[in-house]
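Architecture at a glance
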Amino acid sequence: METVLNVDKLQAYYGESIILKDINLKVQEGHIVCLLGRNGVGKSTFLKSIMGLVRTPSGSILFQNKELINKPTYFRARAGIGYVPQGRDIFPQMTVEENLQLGLEVNNGNGNISPEIYELFPILKEMLTRKGGNLSGGQQQQLAIARALVAHPKLLLLDEPTEGIQPSIIQDIGRVILQLKKEGYTILIVEQYLEFILNIADEYYVMDKGNIVAQGLVSSMDQEDIKSKIAI
Ligand SMILES: Nc1ncnc2c1ncn2[C@@H]1O[C@H](COP(=O)(O)OP(=O)(O)O)[C@@H](O)[C@H]1O
Ligand SMILES: [Mg+2]
């Protein structure tokens, strides 16, 4: 099986402060990998590093066996990495449909929004003409994921998709992720909500203070131990 993402000895900085010290992490094709960890340990910084949004002076980020470390963000997006940032980042003044169309920009605006998007997120179909900012938090999260999927990414990065979202929509998002897995998608998901990922992810990594401190198969996870490592 192909290794879609292979991160080796990665360091990341904000200014002079080192945030990621020595990160090694792999994602195999068709797998769902979860990155767990407390607030402030560097999880979002890691996803931003993969997208080229923070300074990464050393280490390697191989995506489909090609080195990304010095490539600009647009190159990484065009190469096939879809990114849903923490806090969602949809455009509140644009309609749902316009937000979705932005997802096509990765391919220079070519292509169409495939009907499957609306099968995965039926609520968006009902809301195409509404402004993004008028959607609930959970609906905005669904829109953000849908927007990333419009371009059929080879790797999808999700940063805390359950944060601040009501339980019924968390379930919907869980179902969508499982459906995507069935279709062969490869997903790296950052979470603090352990129960959410137990039925979803194949492998897990735990980050603490810019290092990976545990990793393994979710099926053989010592849940109490991992909980203690990510508890606040
Ligand atoms: N833009 C930034 N400038 C400087 N420091 C930042 C910035 N964003 C995050 N940090 C710091 O980097 C560390 C890791 O943050 P982050 O990656 O957001 O953690 P997590 O996603 O695990 O909660 C924290 O100490 C945070 O304060
Ligand atoms: Mg974060």
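Throughout, residues of each chain are indexed from 1 in the direction in which the sequence is written. Starting at A for chains and at 1 for ligands, labels are handed out in the order in which the entities are written. Two thresholds apply to this predicted model, a pLDDT of at least 70 for residue-level local features and 80 or more for giving and counting side-chain atom pairs, whereas whole-chain, interface and lining totals are computed over all residues. Values reported for side chains reflect all heavy atoms of the structure, with hydrogen atoms and water molecules removed beforehand.

As a further point, take the overall build of the protein chain. Numbering of helices and strands runs from the N terminus; a helix is a DSSP stretch of H or I covering at least four residues, while a strand is a stretch of E covering at least two. What the protein chain contains, in helices and strands, is nine helices and 10 strands. Relative to its length of 232 residues, the protein chain is compact, with a C-alpha radius of gyration of 17 Å against a globular reference of 17 Å. By principal-axis analysis of the C-alpha atoms, the protein chain measures approximately 45 × 40 × 35 Å. Note on definitions: a residue-residue contact is assigned when non-hydrogen atoms from the two residues lie within 4.5 Å. Within the protein chain, contacts between residues separated by at least 24 positions form 69% of all contacts whose residues are at least 6 apart in sequence. Only the protein chains shown count as cover for residues, and the accessible areas themselves come from Shrake-Rupley with a 1.4 Å probe. Entry remark: accessible area of the protein chain is about 10,700 Å², with carbon and sulfur atoms responsible for 48%. When charges are counted, Lys and Arg contribute as positive and Asp and Glu as negative, whereas His and the chain ends are disregarded. Here the site of a charge means atom NZ of a Lys, CZ of an Arg, CG of an Asp or CD of a Glu. For the protein chain, the centre of its 23 positive side-chain charges and the centre of its 26 negative side-chain charges are spaced 4 Å apart. Restricting the calculation to C-alpha atoms gives the radius of gyration, and the globule rule supplies 2.2 Å times the number of residues raised to the power 0.38.

The rule for donors is simple: an N, O or S atom within 2.8 Å of the metal counts, and for Na, K and Ca the reach is 3.2 Å. Water is not among the atoms, so a site may look short of donors. Protein coordination at the magnesium ion (ligand 2): the donors are Ser 44 (OG) and Gln 86 (OE1), at 2.1 to 2.2 Å from the metal. With a gap of 42 residues between them, Ser 44 in helix H1 (residues 43-51) and Gln 86 in the loop between strand S6 (81-84) and helix H3 (96-102) connect regions that are remote in the sequence. A relative accessible area of 30% places Gln 86 in the partly exposed class. The classification of residues rests on relative accessible area computed with a 1.4 Å probe and restricted to protein chains. Under 20% of the type maximum is buried, over 50% is exposed, and intermediate values are partly exposed.

Think of it this way: one heavy atom of a residue within 4 Å of a molecule or strand is enough to make that residue near it. Every residue lining ligand 1 is accounted for by Tyr 14, Ile 19, Arg 38, Asn 39, Gly 40, Val 41, Gly 42, Lys 43, Ser 44 and Thr 45. A distance of 2.5 Å separates an oxygen atom of ligand 1 from a polar side-chain atom of Thr 45. Here ligand 1 has 560 Å² of accessible area as a free molecule, and 57% of this is covered by the chains. Counting residues per element, the shell around ligand 1 draws most heavily on H1, which supplies three residues. Residues are sorted three ways: Asp, Glu, Lys and Arg are charged, Ala, Val, Leu, Ile, Met, Phe, Trp, Tyr, Cys and Pro are nonpolar, and all the rest, Gly among them, are polar. Residues belonging to the shell around ligand 1 are distributed by class as follows: three nonpolar, five polar and two charged. Two N or O atoms form a polar contact when they lie within 3.5 Å of each other; inside protein one atom must be a possible hydrogen donor and the other a possible acceptor, and for residues adjacent in sequence the pair counts only when both atoms belong to side chains.

We now examine the nonpolar core. In plain words, nonpolar cores are sets of buried Ala, Val, Leu, Ile, Met, Phe, Trp, Tyr and Cys residues tied together by side-chain atoms within 4.5 Å. Ranked by internal contacts, the top residues of the largest apolar core, which has 48 residues, are Leu 36, Leu 100, Leu 149, Ile 177, Ile 187 and Ile 197. When residues no more than four places from it in sequence are discounted, the contact partners of Ile 187 are Val 27, His 31, Ile 32, Val 33, Leu 155, Leu 156, Leu 158, Ile 177 and Leu 180. One finds Leu 20, Leu 25, Leu 35 and Phe 63 within the second-largest nonpolar core, a separate group that totals 30 residues.

A few words on unusual backbone geometry. The phi angle at Lys 9 is positive, at roughly 50°, despite the residue not being glycine. Relative to the assigned elements, Lys 9 resides in strand S1 (residues 3-14). Even without glycine at this site, Glu 160 takes up a positive phi of about 45°.

Next up on the list: the pattern of salt bridges. Salt bridges, as used here, are contacts in which a Lys or Arg side-chain nitrogen is within 4 Å of a carboxyl oxygen on Asp or Glu. All told, the structure shown has seven salt bridges when counted by the stated rule. The closest approach of N and O atoms between Lys 9 and Asp 8, which form a salt bridge, is 3.6 Å. Judged by relative accessible area, which is 32%, Asp 8 ranks as partly exposed. Among the ionic pairs, Asp 225 bridges to Lys 229, the shortest N-O distance being 2.9 Å. You can see Asp 225 and its partner Lys 229 sitting in helix H9 (residues 223-230), four residues apart, about one turn around the helix. A relative accessible area of 30% means that Asp 225 is categorised as partly exposed. In this structure Lys 229 comes out as partly exposed when scored by relative accessible area, which is 25%. One network of salt bridges, with partners in common, ties together Glu 195, Glu 224 and Lys 227.

This part is about the sheet that holds strand S3 (residues 32-36). For two strands to be treated as a pair, DSSP must find at least two bridges joining them. One open sheet accounts for six strands, arranged S6-S7-S8-S3-S9-S10; its pairing is mixed. Single-partner strands in this sheet number two, and they are S6 and strand S10 (211-217). Neighbour to neighbour, the strand axes of the sheet diverge by 15° on average, direction disregarded. By the bridge criterion, four bridges tie strand S7 (residues 155-159) to strand S8 (residues 187-191) in an arrangement that is parallel. Residue pairing across strands places Leu 157 opposite Leu 188, the latter belonging to S8. Every angle, taken between N-to-C directions, lies between 0 and 180 degrees, and every axis is a line fitted to C-alpha atoms, over only the stretch in contact when it is a helix.

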